[in-house]
Amino acid sequence: MSQVELINISKSYDKQKDVLDGINLTIEEGEFFVLVGPSGSGKSTLLRMIAGLEDITGGFLKIGGHTVNHLPPKDRNLSMVFQNYALYPHLTVEQNILFGLKARKVDKQEQQKRLKDAAEMLGLTDLLKRKPRELSGGQRQRVALGRSVVSHAPLCLMDEPLSNLDAKLRANMRVEIRRLQKRLGLTMIYVTHDQVEAMTMGDRIMVLNDGKIQQVGKPITLYNEPENLFVATFIGSPK
Ligand code: ADP
Ligand code: MG
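Residues numbered from 1 in each chain as written. Chains lettered and ligands numbered in written order. Predicted model: local features only at pLDDT ≥ 70, side-chain atom pairs only at ≥ 80, totals over all residues.

This brings us to the UniProt feature "domain: ABC transporter" (unreviewed entry) in the protein chain. Taking the numbering used here, the UniProt-annotated feature "domain: ABC transporter" (unreviewed entry) corresponds to residues 4-235. In the segment residues 4-235, helix accounts for 38% and strand for 24%; the C-alpha atoms at its two ends are 25 Å apart. (UniProt positions renumbered as here; feature names shortened; annotations may be inferred. Helix = DSSP H or I, 4+ residues; strand = E, 2+ residues; numbered from the N terminus.)

Here it is in structure tokens:
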């Protein structure tokens, strides 16, 4: 089970004003859910709380029906892909992809099987012995995806994973990520500040502004029936 429930979630850093305020939301198993909003609206903070990388100030977070507020990241059965890829420069592609499995002491044979599957899926088979500096931006992004694929975690969190890529590659990678999510049956929570990306990728979208939910719904609903001026302007405006 990888359903995610946020119950009245709030967050403040160092007793300053809330950067997230009363977030209530249920993300269904197998759903591609997009969190979209302008810079500073609280997207990364929310994703990092779900991952367990940031304390939750108020409310409850449930994954698969269990409250996980105080569970460390490694016990949440999820994977995360960051904007800057976060690859280890001194390790090869293979070592980068397998890093998490080695740490979890997954059986060697099982590691190799997962590596082979992921490399085939992502077109990395011929690049396994290279170092990150010998790869293009798109290839590095695929390595970061590979790390998430081999984890076999049912829940995947992505924070602006395509923002360092050029427009053409970005368009290709959107399709690849959707295909991967479907094929693996992942529950996806995908953060972007790009309306086009949100509208083309999401089963459902949540628009966030200044730490508050503006609207949650299918892309077509947000487009045709925005609930307020912010959503109308944000979704309707070209990038
Ligand atoms: P987004 O990802 O939508 O750009 P963030 O979640 O990064 O937004 O930031 C939301 C708000 O929280 C911003 O006002 C930001 O300055 C503040 N913030 C983020 N991280 C920290 C931190 N570690 N300490 C203090 N304030 C932070
Ligand atoms: Mg962010």
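Let us keep going from here.
Let us now look at the site of ligand 1. In the neighbourhood of ligand 1, the contacting residues comprise Tyr 13, Val 19, Gly 37, Ser 39, Gly 40, Ser 41, Gly 42, Lys 43, Ser 44 and Thr 45. Residues belonging to the shell around ligand 1 are distributed by class as follows: two nonpolar, seven polar and one charged. (Near = placed C-beta within 6 Å. Nonpolar A, V, L, I, M, F, W, Y, C, P; charged D, E, K, R; others polar.)

Turning next to the packing of helix α4 (residues 137-150) against helix α5 (residues 167-184). Interhelical geometry of α4 versus α5 gives an angle of 15° and a closest axis separation of 12 Å. Of the possible angle classes, the one that applies to α4 and α5 is roughly parallel. Seen along the crossing, α4 lies across α5 with a hand that is right-handed. Judged by residue contacts, Gly 138, Gln 141, Leu 145 and Val 149 of α4 engage Leu 169, Met 173 and Leu 180 from α5. Within the contact of α4 with α5, the residues separate by chemical class into five nonpolar, two polar and no charged. (Axes fitted to C-alpha atoms, helices over the stretch in contact; angles between N-to-C directions. Parallel < 35°, antiparallel > 145°, perpendicular 65-115°, else oblique. Left-handed = near helix turned anticlockwise from the far one by under 90°. Contact = placed C-beta atoms within 7 Å.)

To continue, consider the sheet that holds strand β2 (residues 20-27). Across the sheet, which stays open at both edges, the four strands sit in the order β2-β1-β4-β5 with antiparallel pairing between neighbours. Either end of the sheet is taken by a strand with one partner, and the two such strands are β2 and β5 (66-67). Relative to β5, strand β4 (residues 58-63) runs antiparallel, the two sharing two bridges. Note on β5: the bridge partner recorded for Lys 62 is Thr 67. Set on the sheet, helix α1 (residues 43-51) makes contact with β1 (4-11), β2 and β4; between it and β1 the angle comes to about 120°. (Pairing = 2+ DSSP bridges.)

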